[in-house]
Amino acid sequence: MRSWWRAHPLIGDSALAVPLAGISIAVALITGPGGLTGTESHRAADAASLTLITLNCLLLVGRRRWPFVLLCVSQVPHTALVAMDHDGGITGLVSLVLLYTVAAYRGLALSLAAAGVSALGYAAAVAVSERPDWTQHAFALVLAVAVWVVGRSVRLRRAYLAELVDRAERLERARDADTRAARAEERSRIARELHDVVAHHVSVMTVQAAAARKVLDTRPEAAKDALVAIEEMGRTAMREMRGIVGVLRTDGETGELTPQPGMEDLPGLVDQMREAGLRAQLWVEGDQRSLPPGIDLAAYRLVQEALTNSLRHAGPAARAWVTVRHEQSGLTVHVEDDGRGGPGAFTRGPDDRPGHGLVGIRERVALYGGILRIGPRQGGGFEVRARFPLKD
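Parameters and conventions
- Residues numbered from 1 in each chain as written.
- Predicted model: local features only at pLDDT ≥ 70, side-chain atom pairs only at ≥ 80, totals over all residues.
- Heavy atoms only, no water.
- Phe/Tyr/Trp six-rings, centres within 6.5 Å; stacked < 30°, edge-to-face > 60°.
- Lys NZ or Arg CZ within 6 Å of the ring centre and 35° of its normal.
- Salt bridge = Lys/Arg side-chain N within 4 Å of Asp/Glu carboxyl O.
- Helix = DSSP H or I, 4+ residues; strand = E, 2+ residues; numbered from the N terminus.
- Buried < 20%, exposed > 50% of the residue type's maximum accessible area, 1.4 Å probe, protein only.
- Axes fitted to C-alpha atoms, helices over the stretch in contact; angles between N-to-C directions.
- Parallel < 35°, antiparallel > 145°, perpendicular 65-115°, else oblique.
- Left-handed = near helix turned anticlockwise from the far one by under 90°.
- Contact = heavy atoms within 4.5 Å.
- Nonpolar A, V, L, I, M, F, W, Y, C, P; charged D, E, K, R; others polar.
- Core = buried A, V, L, I, M, F, W, Y, C linked by side-chain atoms within 4.5 Å.
- Patch = residues over 30% accessible without salt bridge, like charges linked within 9 Å, V, L, I, M, F, W, Y side chains within 5 Å.
- Areas by Shrake-Rupley, 256 points an atom, 1.4 Å probe, with all protein chains shown as cover.

Before we go on, may I ask you to explain the packing of aromatic side chains in this structure?
The relative placement of two aromatic rings is captured by the distance of their centres and the angle of their planes. Scanning the model with the defined rule gives zero aromatic pairs in all. The ring of Y105 has R158 sitting right over it, with the charged end atom 4.8 Å from the ring centre.

Shown next, in the form of structure tokens:
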């Protein structure tokens with residue numbers, strides 16, 4: 001209903017103006033001489049006075065569109081009623097409503113001008129009045145000031161809420177843009193790493209093919225072994241290529257020529273964290289098996305990111321545990337600490353600005369169809385658990 005009334009302001013303003021005109025006419029007829037409670041303080045209502053009352057009240061129909069102009073116009077019939085010594089009923093509310101509308105819907109300069117017009121109109125009515133009542137005039141002045149202050153407060157609050165909404169929308173757009181940029185950057189890095197992995201397999205396949213061609217006539221068994229190796233390398237490269245689909249490189253930089261780390265390098269990573277001050281321990285469960293290079297690299301990066309955040313946010317006396325479980329159907333990596341860090345700390349950078357570690361880990365795990373859980377640890381601390389599916 002509120003939105004409908006705002007969309008049809010003329011209907012709402014008419015619903016205010018028409019009853020106000022009816023009540024004012026009824027009051028003028030009842031309180032004037034010859035009325036039910038008639039007194040001699042005013043002249044009896046006639047056609048002219050009733051017309052002025054009606055016109056004055058109907059000005060409220062357009063108060064949302066021309067509030068200042070209508071406020072200026074409303075001073076004329078009100079002053080004329082006072083000069084003709086007619087009871088205007090409650091037409092004095094018209095000036096107050098228009099004054100509030102200007103203060104609530106227009107700028108400060110126009111609202112101050114509206115206050116001045118209202119004061120001049122009231123002063124003109126007092127000047128032509130033959131029965132000055134200073135108590136009534138003081139009350140009218142206080143009431144007008146209060147109405148103006150309320151109108152300005154409403155306008156300022158409306159502007160403040162609009163600014164909050166606009167700021168929230170800008171922050172939401174900035175956060176979305178930052179997240180998209182972080183994802184694009186992380187996918188670009190993943191693409192470079194996977195490019196190195198696939199390039200390695202292709203290089204090995206080329207060497208094996210050349211060796212098979214040279215010994216094909218003299219040593220058929222050696223050529224057969226080379227072809228088997230080529231087949232295995234090809235299958236592995238195809239799996240990595242399927243993982244690369246949809247991950248686009250955003251620049252033309254070439255990948256690093258050094259070998260990419262993997263799960264076999266975890267002991268060295270844990271030792272580095274110990275030297276840096278984090279009391280970290282590593283457990284490896286299950287029969288170790290060769291992992292696809294992409295998953296091997298993603299799991300290593302996950303442990304590296306989790307331990308780095310534990311070192312940064314868990315506190316000087318914190319401990320961290322890394323558990324790697326090799327299973328037939330998947331690889332589970334679990335990193336936990338007992339520090340005071342939390343999800344907010346985990347996603348912040350070294351200079352206390354929002355970081356992209358959480359975004360990068362989610363992208364890596366999702367790239368290989370894994371399941372990731374990041375959150376508080378039971379008993380205090382923080383944990384990161386990921387499971388990568390392994391297919392034959």
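When you look at the pattern of salt bridges in this model, what are you seeing that I'm missing?
Pairing between side chains becomes possible if they bear opposite charge and their charged atoms approach one another. Applying the stated criterion across every chain, the model contains nine salt bridges. Here R170 ties to D166 by a salt bridge, and the two come within 2.1 Å at their closest N and O atoms. Of this pair, R170 and D166 both sit in helix α7 (residues 134–215), four residues apart, which is roughly one turn of that helix. Its relative accessible area of 30% is what places D166 among the partly exposed residues. A salt bridge links R274 to D271; the nearest nitrogen and oxygen atoms lie 3.3 Å apart. Residue R274 and its partner D271 are located together in helix α9 (residues 266–276), separated by three residues, close to a single helical turn. Under the relative-accessibility criterion, R274 is labelled partly exposed at 43%.

How should I be thinking about the packing of helix α4 (residues 67–83) against helix α5 (residues 92–105) in this particular structure?
When two helices pack together, their arrangement is given by the angle between the helix axes and the distance between those axes. Contact pair α4 / α5: the axes reach a minimum separation of 9 Å and the direction vectors enclose 165°. Taken as axis vectors, α4 and α5 run roughly antiparallel relative to one another. Crossing angle aside, the handedness with which α4 passes α5 is left-handed. Between α4, through P67, F68, L70, L71, S74, Q75 and H78, and α5, the contact on the second element is made entirely by G92, V94, S95, L98, L99, T101 and V102. For the contact of α4 with α5, the class distribution of residues is eight nonpolar, six polar and no charged.

Looking at this model, I keep getting lost on the nonpolar core. Mind explaining?
As a rule of thumb, soluble globular proteins bury nonpolar side chains together. With 32 residues, the main nonpolar core has L302, V303, L307, L331, V333, L372 and F388 as its most contacted residues. Secondary-structure elements contributing two or more residues to this core are α9, α10 (293–313), β2 (319–326), β3 (330–337), α12 (357–367), β4 (371–376) and β5 (382–389). Ranked by residues supplied to this core, first place goes to α10 with eight residues. In this structure, L302 is in contact with V333, I361, V365, L372, V384 and A386, ignoring residues within four places of it in sequence. Core analysis: the second largest hydrophobic core is formed by 22 residues, A21, L70, L71 and L96 among them.

What exactly am I supposed to notice about a nonpolar patch on the surface here?
Residues W66, V69 and V73 make up a contiguous nonpolar surface patch of roughly 290 Å² in combined accessible area. Topologically, V73 is positioned in helix α4. Accessibility expressed as a relative area gives 38% for V73, which makes it partly exposed.

In this structure, what is going on with the packing of α5 against helix α6 (residues 108–128)? I would like to understand it.
One way to put it is that α5 packs onto α6 with a least axis distance of 8 Å and a crossing angle of 165°. In terms of orientation, α5 lies roughly antiparallel with respect to α6. α6 is crossed by α5, and the crossing has left-handed handedness. Facing L99, V102 and A103 of α5, the residues of α6 in contact are L110, S111, A114, A115 and S118. Grouping the constituent residues of the contact of α5 with α6 by class yields six nonpolar, two polar and no charged.

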